[in-house]
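# Observations on the model geometry
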Amino acid sequence: ITINLGSNDILSYSYIRAMLKMYEDNSTDAEKAVKAWIEENGGDVGQAFLSMLGTMQTVGKLPAILAEFVSAFNAAFAKYKQDWNAALKAIYELNPDVQIITVGVYNPANNISITEGGSFKVGPFMQPFVDQINAFLKSGHNYAKQCPFADVTGTETWPISVAGGDFTAKYNWCSHPT
């Protein structure tokens, strides 16, 4: 049996909540400028991300946005753990003799840099979240002793830069090596 339960959803949900936090107070000219810039430039997520970080730092909202990302991750991860345990329970009830191998997650952002060829990588920011998910999958769930764990944390991804243009189109290809 192969199952994949929402590891992408945890991070996507966190990113969306951070973006909503950014736009909850639409009163500053800087925020209006970021929205206008995104619309005028075809909505490229990479360029929008760079613009958002700079603008939010300028207006003093970057810490609140990062805190929202962490809060959203914690909420999504709590739900993920419930769903994981419920799914495995249902599978074992249907087939008590089933062999389930738990495959960990890798850091899809490990080779994303802010600028083309730049040394600042997004991956180190994401690694603690990946480590939490893997710790749970390896030994933190109700069926961990029955399910061998396959560690894939060293999975290589292709380099990509946020500022390299057309980030949205390139991201899926570069961050998913298989």
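Residues numbered from 1 in each chain as written. Predicted model: local features only at pLDDT ≥ 70, side-chain atom pairs only at ≥ 80, totals over all residues. Heavy atoms only, no water.

## A look at the side chain of T157
Position of T157 relative to the elements: it lies in the loop between β3 (149-150) and β4 (160-161). Since its relative accessible area comes to 7%, T157 is described here as buried. At a separation of 2.4 Å, a polar atom in the side chain of T157 contacts the side chain of N110. (Helix = DSSP H or I, 4+ residues; strand = E, 2+ residues; numbered from the N terminus. Buried < 20%, exposed > 50% of the residue type's maximum accessible area, 1.4 Å probe, protein only. Polar contact = N/O pair within 3.5 Å; in protein donor to acceptor, adjacent residues only side chain to side chain.)

## Quick notes on the packing of aromatic side chains
Applying the stated rule across the entire model yields ten aromatic pairs. Residues F69 and F125 carry aromatic rings whose centres are separated by 5.6 Å and whose planes lie at 50° to one another, so their mutual orientation is tilted. Of the two residues, F69 sits in helix α4 (residues 62-94) while F125 sits in helix α5 (residues 123-140), which places them 56 residues apart along the sequence. Given the relative accessible area of 38%, F125 is considered partly exposed. (Phe/Tyr/Trp six-rings, centres within 6.5 Å; stacked < 30°, edge-to-face > 60°.)

## So, the environment of P108
Counting through the fold element by element, P108 comes out in the loop between β1 (102-103) and β2 (112-113). The spatial distance from the C-alpha of P108 to the C-alpha of N8 is 9.4 Å, given a sequence separation of 100 residues. When near neighbours in sequence (up to four residues on either side) are disregarded, P108 contacts T157, Y171 and S175. (Contact = heavy atoms within 4.5 Å.)

## Focus: the confidence of the model for the chain
Overall, the prediction assigns the chain a mean pLDDT of 79, with 71% of residues at 70 or greater. Per-element averaging of pLDDT across the chain places helix α3 (residues 45-58) at the bottom with 65 and β3 at the top with 92. (pLDDT = per-residue confidence, 0-100.)

## Comments concerning the environment of Y171
In this structure, Y171 sits in helix α6 (residues 167-175). A residue is classified by how much of its surface remains accessible, and Y171, at 24% relative accessible area, is partly exposed. Between the alpha carbons of Y171 and S161 there is a distance of 9.2 Å; along the sequence they are ten residues apart. Excluding residues that lie within four positions of it along the chain, Y171 makes contacts with P108, I112, I160 and H176.

## Some details on α5
Given a rise of 1.5 Å per residue, 18 residues ought to cover 26 Å, and the 24 Å separating the end C-alpha atoms of α5 matches this to within 8%. Looking only at α5, the buried set comprises G123, M126, F129, V130, I133, N134, F136 and L137. (Expected span 1.5 Å × (residues − 1).)

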